[in-house]
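Residues per chain are reported as follows:
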Amino acid sequence: MPHASDGPQQGLFPVDPAPLSARPLVLITRGRVEYLAHCPNCRDWHRHVHLGNVTGPCGTEYELQSKRGRAA
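None of these values were measured; they are calculated from a predicted model.

Trainee: Describe the sheet that holds strand 4 (residues 45-48), naming the residues involved and giving the relevant values.
Mentor: The strand order across the open sheet formed by three strands is 2-3-4, and the pairing between neighbours is antiparallel. Edge positions in the sheet fall to strand 2 (25-29) and strand 4, since each of these pairs with one other strand and no more. Each neighbouring strand pair of the sheet contributes to a mean axis angle of 30°, computed without reference to strand direction. By the bridge criterion, four bridges tie strand 3 (residues 32-38) to strand 4 in an arrangement that is antiparallel. The residue bridging H38 from the neighbouring strand is W45, located in strand 4.

Trainee: For the environment of P40, give the residues involved together with the corresponding values.
Mentor: Inspection of the secondary structure assignment puts P40 in the loop between strand 3 and strand 4. Residue classification places P40 among the partly exposed residues on the basis of a relative accessible area of 24%. Sequence separation of P40 and E63 is 23 residues, and the distance between their C-alpha atoms is 10.0 Å. Once you skip the residues sitting within four places of it in the chain, P40 turns out to touch L20, S21 and Y62.

Trainee: Go over the pattern of salt bridges with me, naming the residues and quoting the values.
Mentor: On inspection of all chains with the given rule, the structure shows two salt bridges. The shortest N-O distance in the salt bridge between E34 and R32 comes to 2.9 Å. We classify E34 as buried; its relative accessible area is 5%. Of the charged contacts in the structure, one is a salt bridge between E34 and R47, with a shortest N-O distance of 2.7 Å. Taken together, the residues E34 in strand 3 and R47 in strand 4 connect sequence positions 13 residues apart.

Basis of the calculations
- Residue numbers run consecutively from 1 along every chain, following the written order of its sequence.
- Whole-chain, interface and lining totals are the exception, using all residues; otherwise, since this is a predicted model, local features are given only for residues with pLDDT of at least 70 and side-chain atom pairs are given and counted only at 80 or more.
- Calculation of side-chain values draws on the structure's entire complement of heavy atoms; hydrogens and water are dropped beforehand.
- When DSSP locates at least two bridges between a pair of strands, those strands are taken to pair.
- Here a helix means four or more residues in a row that DSSP labels H or I, a strand means two or more in a row labelled E, and each is numbered from the N terminus.
- Axes, fitted as lines to C-alpha atoms, cover a helix only where it is in contact. Angles between the N-to-C directions of the axes lie from 0 to 180 degrees.
- Exposure classes here rest on a 1.4 Å probe applied to the protein chains alone. A residue is buried below 20% of its type maximum, exposed above 50%, and partly exposed in between.
- Contacts are assigned to residue pairs that have any heavy atoms within 4.5 Å of one another.
- We count a salt bridge whenever a side-chain nitrogen from Lys or Arg sits within 4 Å of a carboxyl oxygen from Asp or Glu.

Structure (structure tokens):
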């Protein structure tokens, strides 16, 4: 006899939340440009060497977006 839990159930798959993003400050160091971002998760400041998708030292993945917006 089949049980109610044997078939597919709706609502079991989590929906991905909106991607996290941060607007970085430009930090010019000796010999290279770095980006200083306020982490959207741990609220600490993290340094990165490129824009786009990054992972902070706390493990949070987020997108660094330039202040001018994204090109098409």
